[in-house]
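Commentary on secondary and tertiary structure
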Amino acid sequence: MIFRLLTDLVIALHFAFLLFIVAGGFLARRYRWLIAPHLLAAAWGVYVEAMPGLICPLTTLENALALRAGAAGYRGSFIQHYLLPIIYPDGLTPLAQRSLAALVVAITVAVYVWPRRRAELTPNRSSLGDGSIHAA
């Protein structure tokens, strides 16, 4: 029972990590301290996807925990096992992996080069001290 729970926890963590790779740049635009972790995560995601046959350590951990829980585990990557049946029913080819890697790069670059709106840095001049309110 505990190993099944741990397996599910690692799967949820793995999925959250994938979401962070793809969409974490949007969070990093707001929370600047996330820039370095997001860029590292995106680089790792690109590396894993661009290198067919490379297995993410989280996939290995999921399989080990699933085997301890009495489940069969699975071969291949997390994406191949959980997401490909939904996204790419015919399987993941090396070209598809490279395309996913390019998509991660494109999204990450787009998010970081998209201009940020700058908050107005002018002081609040709505109150002139005489109780009247004027447009700035």
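Residues numbered from 1 in each chain as written. Predicted model: local features only at pLDDT ≥ 70, side-chain atom pairs only at ≥ 80, totals over all residues. Heavy atoms only, no water.

Section: the nonpolar core
Core analysis: the biggest nonpolar cluster contains eight residues, these being Leu18, Phe20, Ile21, Ala28, Leu34, Ala41, Ala42 and Val104. Elements with a contribution of two residues or more to this core: α1 (2-30) and α2 (35-50). Those residues in contact with Phe20 that sit more than four places away from it in its chain are Gly25, Leu34, Pro37, His38 and Ala41. (Core = buried A, V, L, I, M, F, W, Y, C linked by side-chain atoms within 4.5 Å. Buried < 20%, exposed > 50% of the residue type's maximum accessible area, 1.4 Å probe, protein only. Helix = DSSP H or I, 4+ residues; strand = E, 2+ residues; numbered from the N terminus. Contact = heavy atoms within 4.5 Å.)

With respect to the environment of Thr7
If you trace the backbone, Thr7 turns up in helix α1. For Thr7 and Ala66, which are 59 residues apart along the polypeptide, the C-alpha to C-alpha distance reads 5.8 Å. For Thr7, the residues in contact, after removing those within four places along its chain, are Glu62, Leu65 and Ala66. Only 2.7 Å separates the side chain of Thr7 from the backbone oxygen of Phe3, close enough to count as a polar contact. (Polar contact = N/O pair within 3.5 Å; in protein donor to acceptor, adjacent residues only side chain to side chain.)

Considerations on the side chain of Thr108
Structurally, the position occupied by Thr108 is in helix α5 (residues 94-113). Excluding anything up to four places from it in sequence, Thr108 contacts Ile21, His38, Leu39 and Ala42.

Here's the deal with the confidence of the model for the protein
Interpretation of the predicted coordinates at a detailed level should be avoided for regions scoring low in pLDDT. On average, residues of the protein score 78 in pLDDT, and 72% of them are at 70 or above. Confidence, read as mean pLDDT per element, is least for helix α4 (residues 78-87) in the protein (62) and greatest for α2 (91). (pLDDT = per-residue confidence, 0-100.)

Thoughts on the environment of Glu49
Structurally, Glu49 can be placed in helix α2. Sequence separation of Glu49 and Leu100 is 51 residues, and the distance between their C-alpha atoms is 6.7 Å.

Here's the deal with the packing of α1 against α2
At a minimum axis separation of 9 Å, α1 and α2 run at an interaxial angle of 145°. The interaxial crossing formed by α1 with α2 has left-handed handedness. Between α1 and α2, the residues in contact are Phe17, Phe20, Ile21, Gly24, Gly25 and Ala28 and Ile35, Pro37, His38, Ala41, Ala42, Trp44 and Gly45, respectively. For the contact of α1 with α2, a count of residues per class yields nine nonpolar, four polar and no charged. (Axes fitted to C-alpha atoms, helices over the stretch in contact; angles between N-to-C directions. Left-handed = near helix turned anticlockwise from the far one by under 90°. Nonpolar A, V, L, I, M, F, W, Y, C, P; charged D, E, K, R; others polar.)

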